[in-house]
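Secondary and tertiary structure notes
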Amino acid sequence: MAVAPDTAADLVSRIFDLQRVVRYVANASFRGMDTGVAVQGVLRFVGEGESRATHLAERLGVSAPVLSRHIADLEMQGYVTRRQDPCDGRAQLVALSPAGVEKLRQIEELRAATLQDYLSSWSQDDAEETARTLARLTDSLKLSARATAAGPHTMTKTLQEH
């Protein structure tokens, strides 16, 4: 069954509200840290494994020059390393340094503790159900976005499979 237009519009509104609140909470929780929220997001993606800078920019939805500035900041702070891609001498591979792994661990612990404080009135079941729903929403949106990028025929086929 398809989602009704009013429901889809309400969901979009709630997603934007959630994004805004998450940014506010992140900014409030991380004041005074040596990395800003945007750079912390880059650090998280780099922490998923060594990757080409161009691939990271695409995943983050930012331009290569923007990502390059963030990577340069993180490299200057000693949190990431860059090396030439052995498969393509024009490309660079970016990875976390040991200090970057530790910094990411600290950031994630602080974020989890902050969220735990903010959700002190929630039950464990509420939090788990919300996490499942958000994961399902994320997976559906990723699947649809990939299918859309691949073309209309692929999108129809992909959506019918799921």
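Shown above is the structure to which this text applies.
Criteria and cut-off values
Residues numbered from 1 in each chain as written. Predicted model: local features only at pLDDT ≥ 70, side-chain atom pairs only at ≥ 80, totals over all residues. Heavy atoms only, no water. Helix = DSSP H or I, 4+ residues; strand = E, 2+ residues; numbered from the N terminus. Buried < 20%, exposed > 50% of the residue type's maximum accessible area, 1.4 Å probe, protein only. Contact = heavy atoms within 4.5 Å. Areas by Shrake-Rupley, 256 points an atom, 1.4 Å probe, with all protein chains shown as cover. Patch = residues over 30% accessible without salt bridge, like charges linked within 9 Å, V, L, I, M, F, W, Y side chains within 5 Å. Salt bridge = Lys/Arg side-chain N within 4 Å of Asp/Glu carboxyl O. Pairing = 2+ DSSP bridges. Polar contact = N/O pair within 3.5 Å; in protein donor to acceptor, adjacent residues only side chain to side chain. Core = buried A, V, L, I, M, F, W, Y, C linked by side-chain atoms within 4.5 Å.

Scanning the protein from terminus to terminus reveals 7 helices and 3 strands. Tracing the protein from N to C terminus, the helices and strands come up as α-α-β-α-α-β-β-α-α-α. Residues counted as buried form 22% of the 162 residues belonging to the protein. Counted over contacts in the protein with a minimum sequence separation of 6, partners at least 24 positions apart contribute 52%. Summed over its atoms, the accessible surface of the protein is roughly 11,400 Å², and 57% of this surface lies on carbon and sulfur atoms.

This part covers a nonpolar patch on the surface. Residues Leu18, Val22 and Leu134 make up a contiguous nonpolar surface patch of roughly 240 Å² in combined accessible area. Turning to its location among the elements, Leu18 is positioned in helix α1 (residues 5–29). When its relative accessible area of 43% is taken as the criterion, Leu18 is described as partly exposed.

This part is about the pairing of strand β3 (residues 88–96). Where strand β1 (residues 51–52) lies against β3, 2 bridges are found, and the strand directions are antiparallel. Bridged to Ser51 within β3 is Val94. Pairing of strand β2 (residues 80–85) with β3 involves 6 bridges; the strand directions are antiparallel. If you follow Arg82 over to β3, its bridge partner there is Val94. Adjacent in sequence and paired antiparallel, β2 and β3 are bridged by 2 residues.

Next up on the list: the environment of Arg132. Relative to the helices and strands, Arg132 is located in helix α6 (residues 124–150). Assessed through its relative accessible area of 49%, Arg132 is described here as partly exposed. Within the structure, Arg132 has its side chain in polar contact with the side chain of Glu129 (distance 2.9 Å).

Here we take up the nonpolar core. Within the largest apolar cluster, 16 residues are counted, with the highest numbers of intra-cluster contacts made by Leu43, Val46, Ile71, Leu74 and Val80. At the level of elements, α2 (37–46), α3 (53–60), α4 (64–76), β3 and α5 (98–118) are the ones that each hand at least two residues to this core. Per-element tally for this core: the top contributor is α2, with 5 residues. The residues contacting Ile71, other than those within four sequence positions of it, are Val42, Val46, Val80, Arg82 and Val94.

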